[in-house]
Amino acid sequence: MTVTIPPELIAALHVAKKVVFLTGAGVSAESGIPTFRDAMTGLWERYSAEQLATADAFTRDRELVWGWYEWRRMQVMKAEPNAAHRAIAAIASQVASVDVITQNVDDLHERAGSHNVLHLHGQLNRPFCFACRQPHALQPGTPDEPEGGRRLAPPQCNRCNGYIRPGVVWFGEMLPEAEWNAAVEACDACDVLFSVGTSSLVQPAAGLPLLAARRRVTVVQVNPNSTSLDSHARFNLVGAAGVIMPALFDAVWPASS
Ligand code: OAD
C-alpha cells in the first residue's frame, strides 16, 4: 500500500519544536492486543470491558476481575512493540521535544524506546492495594493463564492484608492528577498533535486534541475508521498505524531511516 503524506504536514514537522502523540488501543492492535471496541473472545466472550473495569465489579467478584487483568497482562508480556510504536520512538530523535500520552495500560511504547510516557489510564504492571493503595510488587515472569477457567485470587497487601487490584483507572475513577496535568500542559505547548488509534470516545482524554485544535495547532489523526475527531483534525491519515507511522517517518526524515 502506498501512503501519501501531505507536503504541508511534512513541512509542519520539519519546523516543529514540540510534538505530542495521544495514543489509544489501536496503536497496540497490530501487536495482537485487542482494542476495546473488538468483541471479547475466548474465555472472556461473555463479558464486556465495561462490566469488568469497575470498582463495583472488583467488590462483587475480585477473582473474576483479577483473572481478567492477569490474562491481559499475560497477553501484553507475550506481545512485542510494532512498527507504529517504533516510529513514534524514532520521531523523538528528530524533534526537540516529544510527549507520548497514552490511554493504553500496556508498556509497548516504553519497550519501543519512548521515554516519559504519560499513562492516563494507569498501567497493568503497577498494581496496588484496593484498601490502602500501597503499591504491590508483582512476581517476576509471565503470569499463567488463570487455571480452571477465568478466576484467579488476587494477592494480598503486605501492609494491611487488603486485596491487590490492577493498577489501571476504572470507569468512574479519576485520572492520575500529575499525568493529567502534564498531558494538558503538553497539549497547550505543542506545534503538532497526533491522535493515533483512539476512538475519541472516552473523556477526558478525547478532549485533549480539541484543546490543541482550538489553538490552531496542526492536529493529525491516524485511524482506519472515522471518529468524532475527523472534522477537527487538519489531516486524517486513514489506515493502520503500523503502516502510516513508519511511512510518515520516511517521508519527513528520508535520510534518517
Ligand atoms: P478503542 O477500542 O475505543 O478504539 C480503538 C481505535 O483504534 C478505534 O478507533 C479503531 O478504529 C482504531 N484502530 C483499530 N486498529 C487500528 C490500527 N491498526 N491502527 C490505528 N488505529 C486502529 O480504544 P481507545 O480509544 O484507546 O479506558 O479507548 C479509550 C479507552 O476506552 C480505553 O483506554 C479504555 C476504554 O474503555 C479505560 O479502561 C478507562
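Residues numbered from 1 in each chain as written. Predicted model: local features only at pLDDT ≥ 70, side-chain atom pairs only at ≥ 80, totals over all residues. Heavy atoms only, no water.

## Concerning helix α6 (residues 83-91)
Right, so step 1: By the burial criterion, the buried members of α6 are A84, H85, A87, I88, A89 and I91.
Right, so step 2: Buried residues along α6 sit in contact with β1 (18-23), α2 (25-29), β2 (97-102), α7 (108-112) and α10 (241-252).
Right, so step 3: Two or three places before A84, at the opening of α6, N82 has a side-chain oxygen 2.7 Å from that residue's backbone nitrogen. (Buried < 20%, exposed > 50% of the residue type's maximum accessible area, 1.4 Å probe, protein only. Helix = DSSP H or I, 4+ residues; strand = E, 2+ residues; numbered from the N terminus. Contact = heavy atoms within 4.5 Å. Polar contact = N/O pair within 3.5 Å; in protein donor to acceptor, adjacent residues only side chain to side chain.)

## Digging into the packing of helix α1 (residues 7-15) against α10
Right, so step 1: At a minimum axis distance of 10 Å, the contact between α1 and α10 shows a crossing angle of 70°. Classified by the interaxial angle, the pair formed by α1 and α10 is roughly perpendicular. Taken together, the residues of α10 that come into contact with α1 (itself represented by L9, I10, L13 and H14) are L248, A251 and V252.
Right, so step 2: Taken together, the residues of the contact of α1 with α10 sort by class into 6 nonpolar, 1 polar and no charged. (Axes fitted to C-alpha atoms, helices over the stretch in contact; angles between N-to-C directions. Parallel < 35°, antiparallel > 145°, perpendicular 65-115°, else oblique. Nonpolar A, V, L, I, M, F, W, Y, C, P; charged D, E, K, R; others polar.)

## Concerning the domain arrangement of the chain
One frequently used descriptor of interface size is the decrease in accessible area upon assembly of the parts.
Right, so step 1: We note that the domain assignment places domain 1 (1-32 + 81-122 + 175-257) and domain 2 (34-78 + 128-165) within the chain.
Right, so step 2: Measuring from the centre of the C-alpha atoms in domain 1 to the corresponding centre in domain 2 gives 28 Å.
Right, so step 3: Facing 11 residues of domain 1, the contacting portion of domain 2 comprises 7 residues.
Right, so step 4: Taken together, both faces of the contact between domain 1 and domain 2 bury some 600 Å²; the carbon and sulfur share is 64%.
Right, so step 5: In terms of surface lost to domain 2, no three residues of domain 1 exceed A25, G32 and R111, which account for 43% of the buried area on that side.
Right, so step 6: Counting every contact that joins domain 1 to domain 2 gives 0 salt bridges.
Right, so step 7: At the surface where domain 1 touches domain 2, the tally comes to 1 residue pair in polar contact (both at pLDDT 80 or more).
Right, so step 8: By residue number, the principal contributor to the side of domain 1 that touches domain 2 is α2, which donates 3 residues. (Domains from an automatic or database assignment. Buried area = accessible area lost by both parts, 1.4 Å probe. Salt bridge = Lys/Arg side-chain N within 4 Å of Asp/Glu carboxyl O.)

## Regarding the environment of D56
Right, so step 1: Position of D56 relative to the elements: it lies in helix α4 (residues 55-60).
Right, so step 2: Considering only alpha carbons, one finds D56 and G32, 24 residues apart in sequence, at a separation of 29 Å.

## Describing empty space enclosed by the protein
Right, so step 1: For the structure on display, the rule yields 1 cavity of 30 Å³ or more.
Right, so step 2: As a volume, the largest cavity reaches approximately 40 Å³.
Right, so step 3: Surrounding the largest cavity, W66, Y69, E70, R73, L124, P127, L138 and P166 form its lining.
Right, so step 4: Each residue belonging to the lining of the largest cavity can be placed in one class, and the counts come to 6 nonpolar, no polar and 2 charged. (1 Å grid on protein atoms, 1.4 Å probe; cavity = no way out; pocket = protein on both sides within 12 Å on 5 of 7 lines; lining within 4 Å. Points joined across faces, edges and corners; volume = space filled by probe spheres on them.)

## Concerning the UniProt feature "binding site: substrate" (unreviewed entry) in the chain
Right, so step 1: This chain's UniProt record puts "binding site: substrate" (unreviewed entry) on Y69 and R72. Among the residues just listed, Y69 line the largest cavity.
Right, so step 2: As for its placement among the helices and strands, Y69 is situated in helix α5 (residues 62-78).
Right, so step 3: Residue contacts for Y69: discarding those within four places in its chain leaves L52, A53, L124, P166, V168 and W170.
Right, so step 4: Within the element layout of this structure, R72 appears in helix α5.
Right, so step 5: Classification of R72 by relative accessible area gives buried; the value is 14%.
Right, so step 6: Excluding its chain neighbours within four sequence positions, the residues that come into contact with R72 are F36, V105 and L124. (UniProt positions renumbered as here; feature names shortened; annotations may be inferred.)

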